[in-house]
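Reading the structure
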Amino acid sequence: MDKYDVTALGELLIDFTENGKSGQGNPLFEANPGGAPCNVLSLLSKLGHKTAFIGKVGDDFFGKQLKEAITEVNIDAAYLYTDKQIHTTLAMVHTYPGGDRDFSFYRNPGADMMLSEEEVPEELIKNSRVFHFGTLSMTHEGVRAATKKAIGIAEEAGAIISFDPNLRPPLWNTLDDAKEQVLYGLGHCNILKISDNEIQWLTGKEDYTEGVEWIKERYNIPLILVSMGRQGSRAYYNGNIVEAAPPEQENTIETTGAGDTFCGCVLHYILGHGLDGLSEDNLKEMLIFANSAAYLVTTKKGALRVMPSLSEIEKLIADV
């Protein structure tokens, strides 16, 4: 089997994003392909990496649309399974002025929750340099077991493991359940990408650096990234703290996929430079690149199909 740069496991779903009003004054929604792990892979594929996805969709119109969408952006869809009984998961995304979002999920159950342990492709994960996961595949027992099996295979194979909690409170029975699974993820990753509000929720610390210290006291994670929206991002590595501001944001229309794009850029940098011996200059360069790409995706609707190219990212960095 060929070597893959990054394999991700998790949810692939339809994000219904608001797109104006009809002649009768009703909101119009656009059916965008979405799901954090595939957004990450889409960016990596755009930057020339070989990627594969493990997940499940329904045997319905949306499932077919999603398979076509990830194939179109060069993500290997050989391990995207189809569930005959359960429909593809849907998310309604309400965007507030300023770009923040609210989610309503149609997932009780949804096909992404139906991935089983037996369906986890061992050879694929063993042949991947990086394995990436989040917590939407840890909300329910069956898919949680599949996720943990995949993590175990990746650890045994010596892959770099990347984790983005991507907390969606409506999908959990309780936030205590969510916390338990996020802590599991922290115990099994080499790269953690966490958002400002997630780190405050998880650690109870208002200050992000105090939050990172809380994590570091408990878990040995070499590289921790905190995404801070309009404030930019920080990298915590080997006792160093490096921060980078985002580009001036005047064209943002919605923030869907910004964190995933950022995460994909970090993995792109690590694939090129490794995880050992990164200097402060390396970290700064990585953050500026990731912030720039994340900003570019906020200037478009959706994420998976509209990832920025290397030339677009480099042009923005040069212009700024």
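Observations regarding empty space enclosed by the protein
Per the counting criterion, the structure on display carries one cavity of 30 Å³ or more. Size it by volume and the largest cavity reaches roughly 30 Å³. Of all the secondary structure elements, the ones that give two or more residues to the lining of the largest cavity are helix H1 (36-46) and strand E8 (128-133). Looking at the lining of the largest cavity, its residues break down into three nonpolar, four polar and two charged.

Structural notes on the pairing of strand E2 (residues 13-21)
One ladder, built from seven bridges, connects E2 with strand E3 (residues 27-34); its direction is antiparallel. By the bridge assignment for E3, isoleucine 14 is matched with proline 33. Joining the antiparallel neighbours E2 and E3 is a turn of five residues, in which glycine 25 adopts a positive phi near 90°.

Considering the packing of helix H9 (residues 280-298) against helix H10 (residues 310-319)
Packing of H9 against H10 brings their axes to within 9 Å, and their N-to-C directions diverge by 110°. The pairing of H9 with H10 is recorded here as roughly perpendicular in orientation. Where H9 abuts H10, its residues Ile288, Phe289, Ser292, Ala293, Tyr295 and Leu296 lie against Leu310, Glu312, Ile313, Leu316 and Ile317. In terms of residue class, the contact of H9 with H10 is built from nine nonpolar, one polar and one charged.

A few points about the layout of surface pockets
When its volume is computed, the largest pocket comes out at roughly 1,200 Å³. As for the largest pocket, its lining consists of 47 residues, of which Asp100, Arg101, Ser195, Thr255 and Gly259 are closest to the centre. Elements represented by at least two residues in the lining of the largest pocket include exactly E2, H1, strand E7 (101-106), strand E10 (191-195), helix H6 (196-203), helix H8 (258-273) and H9. Taken together, the residues that form the lining of the largest pocket break down as 15 nonpolar, 20 polar and twelve charged.

Here we look at the sheet that holds E3
The sheet built from four strands is open, its strands ordered E3-E2-E6-E7 with mixed pairing. Each edge of the open sheet is held by one strand with a lone partner, namely E3 and E7. Averaged over all adjacent pairs, the angle separating strand axes in this sheet is 30°, with direction ignored. Relative to E3, helix H2 (residues 61-72) is tilted by about 55°, and along the sheet it contacts E2, E3 and strand E6 (90-95).

Reading the values: the criteria
Residues numbered from 1 in each chain as written. Predicted model: local features only at pLDDT ≥ 70, side-chain atom pairs only at ≥ 80, totals over all residues. Heavy atoms only, no water. 1 Å grid on protein atoms, 1.4 Å probe; cavity = no way out; pocket = protein on both sides within 12 Å on 5 of 7 lines; lining within 4 Å. Points joined across faces, edges and corners; volume = space filled by probe spheres on them. Helix = DSSP H or I, 4+ residues; strand = E, 2+ residues; numbered from the N terminus. Nonpolar A, V, L, I, M, F, W, Y, C, P; charged D, E, K, R; others polar. Pairing = 2+ DSSP bridges. Axes fitted to C-alpha atoms, helices over the stretch in contact; angles between N-to-C directions. Parallel < 35°, antiparallel > 145°, perpendicular 65-115°, else oblique. Contact = heavy atoms within 4.5 Å.

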